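Fold and geometry: a report
Chain by chain, the residues run as shown.
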Amino acid sequence: MSTYRVALIGNPNTGKSTLFNALTGLRQHTGNWAGKTVVRAEGEYEYNGHTYNVIDLPGTYSLFSNSVDEEVARDYIVLDRPDVTVIVLDATAMERNMNLALQVLEMTSRAVVCLNLIDEAGKLGIEIREQLLAEKLGVPVVKISARNKQGITELLRQIENVAKRRIVPKPVQVKYSEEIERRIQELEPEVRRLIGDDYPARWIALRLLDGDDSIIAALERRLGANASQTKEMIADGLSCAH
Ligand SMILES: Nc1nc2c(ncn2[C@@H]2O[C@H](COP(=O)(O)OP(=O)(O)O)[C@@H](O)[C@H]2O)c(=O)[nH]1
Ligand SMILES: [Mg+2]
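Residues numbered from 1 in each chain as written. Chains lettered and ligands numbered in written order. Predicted model: local features only at pLDDT ≥ 70, side-chain atom pairs only at ≥ 80, totals over all residues. Heavy atoms only, no water.

1. So, the site of ligand 1
For ligand 1, the set of nearby residues contains 15 residues, the closest of which are N13, K16, T18, D119 and S145. Here G15 contributes a backbone N or O atom positioned 3.0 Å from an oxygen atom of ligand 1. Between ligand 1 and the protein, one listed contact pairs an oxygen atom with a side-chain N or O atom of S145 at 2.8 Å. A total of 580 Å² of accessible area belongs to ligand 1 in isolation, and the protein chains cover 75% of it. Secondary structure elements with two or more residues in the shell around ligand 1: helix 1 (16-24) and helix 4 (118-123). Sort the elements by how many residues they give to the shell around ligand 1 and helix 1 lands first, with 3 residues. (Near = heavy atom within 4 Å. Polar contact = N/O pair within 3.5 Å; in protein donor to acceptor, adjacent residues only side chain to side chain. Areas by Shrake-Rupley, 256 points an atom, 1.4 Å probe, with all protein chains shown as cover. Helix = DSSP H or I, 4+ residues; strand = E, 2+ residues; numbered from the N terminus.)

2. Structural notes on the UniProt feature "domain: FeoB-type G" (unreviewed entry) in the chain
Taking the UniProt record as the reference, the feature "domain: FeoB-type G" (unreviewed entry) is found at residues 3-165. Between the first and last C-alpha atoms of residues 3-165 the distance is 14 Å; the span itself is 38% helix and 27% strand. (UniProt positions renumbered as here; feature names shortened; annotations may be inferred.)

3. Concerning the environment of E70
You can see E70 is positioned in helix 2 (residues 68-80). A relative accessible area of 11% means that E70 is categorised as buried. Separated by 10 residues in the primary sequence, E70 and T60 have C-alpha atoms spaced 6.0 Å apart. Beyond its immediate chain neighbours, meaning those up to four positions away, E70 contacts T60, S62, L63, F64 and S65. (Buried < 20%, exposed > 50% of the residue type's maximum accessible area, 1.4 Å probe, protein only. Contact = heavy atoms within 4.5 Å.)

4. Quick look at the side chain of D75
Structurally, D75 is set in helix 2. Given a relative accessible area of 9%, D75 falls into the buried group.

5. A closer look at the domain arrangement of the chain
Along its sequence, the chain is carved into domain 1 (3-163) and domain 2 (178-241). The straight-line distance from the C-alpha centre of domain 1 to that of domain 2 is 27 Å. Between domain 1 and domain 2, roughly 1,100 Å² of surface is buried when both sides are summed, and carbon and sulfur atoms account for 55% of that area. Of all residues in domain 1, R74, L79 and E106 bury the most surface against domain 2, accounting for 48% of the area lost on that side. At the boundary of domain 1 with domain 2, the tally comes to 1 salt bridge. Between R74 and D212 there is a salt bridge, with the nearest N and O atoms lying 3.9 Å from each other. Linking domain 1 to domain 2 there are 2 residue pairs in polar contact (both at pLDDT 80 or more). For the side of domain 1 that touches domain 2, the class distribution of residues is 4 nonpolar, 1 polar and 6 charged. (Domains from an automatic or database assignment. Buried area = accessible area lost by both parts, 1.4 Å probe. Salt bridge = Lys/Arg side-chain N within 4 Å of Asp/Glu carboxyl O. Nonpolar A, V, L, I, M, F, W, Y, C, P; charged D, E, K, R; others polar.)

6. Looking at the pattern of salt bridges
Summed over the entire model, instances satisfying the criterion amount to 20 salt bridges. Notably, a salt bridge pairs E160 with K164, separated by 3.6 Å at the nearest N-O pair. Taking relative accessible area as the criterion, E160 reaches 3% and is therefore assigned buried. The closest approach of N and O atoms between E179 and R183, which form a salt bridge, is 3.3 Å. Taken as a pair, E179 and R183 lie in helix 7 (residues 178-195) at a separation of 4 residues, close to a single helical turn. Connected via shared salt-bridge partners are R74, D75, R207, D210 and D212.

What follows is the structure, given as structure tokens:
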């Protein structure tokens, strides 16, 4: 029997907490993120003889570490590497929600996209072809109504598929300008060499090119010994960016 870690992420009001409750019922507890005043809701469920530990991440519109909520969510996905990240989208506002989904898919390939509020979408006459969307995004897509507990069985099945690596998603990657792609290509192997394959090298390279050293600070806290090397890496990344 294994324990898998599942993170729920999404914009505020997409029904993450409703889904979290539907999945974990009374098997949950809340605390705070270490050193932060942000509430950490954690719970678990059993499925096919395995335990799934679920974290309800703070709702965010993006993951650029502009706020404590964004930083908590980003660090969990990038540094704690959950087995599965469930991206919860509001099916009535796909366009607005897709921004965060694409950001998450740059950070992890172990993801399932969950289209919630499908009951509301139905009422509005919005029809979503989830199979087509799954092909375009490169990850499983499941339609649910968390409040009506619809689609949960299929969601559990897809979470299991990704957790057990029966499905290894190949998410679509945002393609940047030729110039940026060239710089990513230079930096990415260097990042990988320094911090290994456990972290999303392309995404970290992008953040470096963007001059975002908060991720480096977070990596340093996590890796300790490699701190001086990561410092060098910042220098490389920044000189590369300017
Ligand atoms: N109609 C409908 N409402 C939902 C569904 N899931 C959640 N909601 C409602 O959406 C609102 C926001 O839900 P919440 O779980 O707090 O969202 P969070 O901010 O992402 O945690 C609440 O009023 C929920 O009752 C759903 O599947 N259908
Ligand atoms: Mg919530």
